[in-house]
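Structural features, examined
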Amino acid sequence: MTAALIDGKAVSAQVLEEVRQRVAACVAKGVTPTLAVVLVGDDPASQIYVRNKGRRAAEVGIATRDHRLGAKETTTESLLELVAQLDADPEVDGILVQLPLPGHIDADAVLLAIDPAKDVDGFHPDNLGRLVLGKPRFVPCTPAGCMRLLQEAGVDPAGKRALVIGRSTIVGKPMAHLLLAANATVTIAHSRTTNLAEEVSRADIVVAAVGRAHLVRGEWIKPGAAVIDVGMNRLDTGKLAGDVDFEGARQRAGAITPVPGGVGPMTIAGLMANVVRSAESRVG
Ligand code: GUN
């Protein structure tokens with residue numbers, strides 16, 4: 001069997017088109033959906049992410065307010081002050097503080113200070129808590145994108161065995177809860193899991209979000225399984241590779257996301273969807 005490719009570029013374009021129409025409807029009612037983006041320091045990967053977010057926002061009509069701060073001049077207190085200003089600004093619908101923050105800044109305190117009603121990343125404990133309760137408001141963008149890709153591939157998680165590899169707050173944990181809410185039987189594997197091959201071989205759905213190139217071998221995949229690869233690993237050759245051995249896995253899987261062009265484009269699309277959702281509540 002050769003797996004069907006799940007095309008994240010095409011699906012994200014669809015999501016962005018839906019968002020563009022909803023943004024236009026807000027603007028027609030006098031509300032321009034607005035995202036504040038805060039970037040501290042000059043981490044090159046973060047700069048690229050933030051640039052891409054700005055570009056996508058412009059394409060769908062979302063206004064952005066950029067706050068680029070030097071690492072040296074920025075303290076936890078000064079960042080908390082900025083977040084408080086953005087919280088209080090009625091024209092700001094979403095606040096995104098790009099992670100990672102420099103080590104001298106208390107990232108937990110900063111994320112906690114974001115008004116949960118503007119937390120379009122879905123990282124605030126209030127939003128994560130709602131997700132765990134099965135009553136989500138803003139869902140973290142990457143796991144939300146993975147769920148949409150499963151849906152587009154015609155995979156209903158209900159009654160299936162799902163394996164999430166990775167337990168980060170940004171991807172693994174929320175992903176497990178989304179799959180649980182969709183009635184999958186969910187296992188979370190991580191760096192202390194003793195037999196990853198066995199766990200993978202039992203799974204009807206595999207979501208790999210660890211950040212280790214080709215950790216998941218093709219021969220482990222259960223025939224017909226759906227494979228969602230969140231990994232974005234830069235190889236020495238300069239090429240991007242996922243957490244899954246794509247060439248091996250596609251011989252066995254029923255459906256699989258490529259890297260690049262799978263989950264990656266879904267994350268920014270999910271962010272834009274969260275911003276317009278927040279703006280819609282301002283429209284009333
Ligand atoms: N750093 C890496 N991914 C993300 C993300 O989705 N949101 C934020 N704020 N920072 C990140």
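Keep in mind that this is a model prediction, so the values were computed, not measured. (Residues numbered from 1 in each chain as written. Predicted model: local features only at pLDDT ≥ 70, side-chain atom pairs only at ≥ 80, totals over all residues. Heavy atoms only, no water.)

Of the regular secondary structure elements, the protein chain holds 10 helices and 11 strands. Taking 284 residues into account, the globule formula puts the C-alpha radius of gyration at 19 Å, and the protein chain, at 19 Å, falls close to it. For the protein chain, the spread of C-alpha atoms along the three principal axes comes to 55 × 40 × 40 Å. Within the protein chain, the proportion of its 284 residues that are buried is 46%. Across the protein chain, every contact between residues at least 6 apart in sequence was considered, and the portion connecting residues at least 24 apart equals 72%. Carbon and sulfur atoms form 52% of the exposed surface of the protein chain, whose accessible area is close to 13,300 Å². Looking at charge distribution, the protein chain has the averaged site of its 31 positive side-chain charges lying 5 Å from that of its 32 negative ones. (Helix = DSSP H or I, 4+ residues; strand = E, 2+ residues; numbered from the N terminus. Rg over C-alpha atoms; globule rule 2.2 N^0.38 Å. Buried < 20%, exposed > 50% of the residue type's maximum accessible area, 1.4 Å probe, protein only. Contact = heavy atoms within 4.5 Å. Areas by Shrake-Rupley, 256 points an atom, 1.4 Å probe, with all protein chains shown as cover. Lys, Arg positive; Asp, Glu negative; His and termini not counted. Charge placed at Lys NZ, Arg CZ, Asp CG, Glu CD.)

Our focus in this paragraph is the side chain of Asp243. Turning to its location among the elements, Asp243 is positioned in the loop between strand E10 (240–241) and helix H9 (246–249). Here Asp243 is buried and forms no salt bridge, its nearest opposite-charge partner Arg212 lying at an N-O distance of 7.8 Å. Polar contacts involving the side chain of Asp243 include one to the side chain of Asn233, which spans 2.9 Å. Those residues in contact with Asp243, other than ones at most four positions away along the chain, are Ala208, Ala209, Val210, Gly211, Arg212, Ala213, His214, Leu215, Val216, Asp229, Gly231 and Asn233. (Salt bridge = Lys/Arg side-chain N within 4 Å of Asp/Glu carboxyl O. Polar contact = N/O pair within 3.5 Å; in protein donor to acceptor, adjacent residues only side chain to side chain.)

For the structure shown, the criterion picks out 15 salt bridges. With its nearest N and O atoms 3.1 Å apart, the salt bridge here joins Glu152 to Arg148. Placement of the pair is Glu152 and Arg148 together in helix H6 (residues 141–152), with a separation of 4 residues, close to one helical turn. When salt bridges that share partners are traced, they join Glu18, Arg148 and Glu152 into one network.

To continue, consider the sheet that holds strand E3 (residues 63–69). The strand order E3-E2-E4 describes an open sheet built from 3 strands, whose pairing is parallel. What marks the edges here is a single partner per strand, and that holds for E3 and strand E4 (94–97). Neighbour-to-neighbour, the strand axes of this sheet turn through a mean angle of 15 degrees, independent of strand direction. Where strand E2 (residues 34–40) lies against E4, 4 bridges are found, and the strand directions are parallel. Among the inter-strand pairings, Val37 is bridged to a residue of E4, identified as Leu96. Across the sheet, helix H3 (residues 76–88) lies against E2, E3 and E4, angled at about 175 degrees from E2, the strand it touches most. (Pairing = 2+ DSSP bridges. Axes fitted to C-alpha atoms, helices over the stretch in contact; angles between N-to-C directions.)

With that settled, the discussion passes to the site of the ligand. Taken together, Leu96, Val97, Gln98, Leu99, Asp121 and Phe123 make up all the residues around the ligand. Leu99 is positioned such that a nitrogen or oxygen atom in its backbone is 2.9 Å from a nitrogen atom of the ligand. At 2.6 Å from a nitrogen atom of the ligand is found a side-chain nitrogen or oxygen belonging to Asp121. Considering only residue class, the shell around the ligand consists of 4 nonpolar, 1 polar and 1 charged. (Near = heavy atom within 4 Å. Nonpolar A, V, L, I, M, F, W, Y, C, P; charged D, E, K, R; others polar.)

With that settled, consider unusual backbone geometry. That bond from Leu99 to Pro100 is cis: its omega, 0 degrees, falls within 30 degrees of zero. Within the fold, Pro100 resides in the loop between E4 and helix H4 (107–113). Note that the residue after Val259, namely Pro260, is joined by a cis bond; omega there is -5 degrees. Notably, Asn183 is not glycine yet its phi reads approximately 70 degrees, a positive angle. Among the structural elements, Asn183 can be located in the loop between helix H7 (172–181) and strand E6 (185–189). Although it is not a glycine, His214 adopts a positive phi angle of roughly 60 degrees. Note on placement: His214 falls in the loop between strand E7 (205–208) and strand E8 (226–229).

Next up on the list: the pairing of E8. Regular strands have side chains that alternate between both faces of the sheet. Residues of E8 alternate between two faces, with Ala226 and Ile228 on one and Val227 and Asp229 on the opposite face, all of them buried. Strand direction decides the pairing type here: E7 and E8, joined by 4 bridges, are parallel. Each residue of the ladder has a partner; that of Val207, found in E8, is Ile228.

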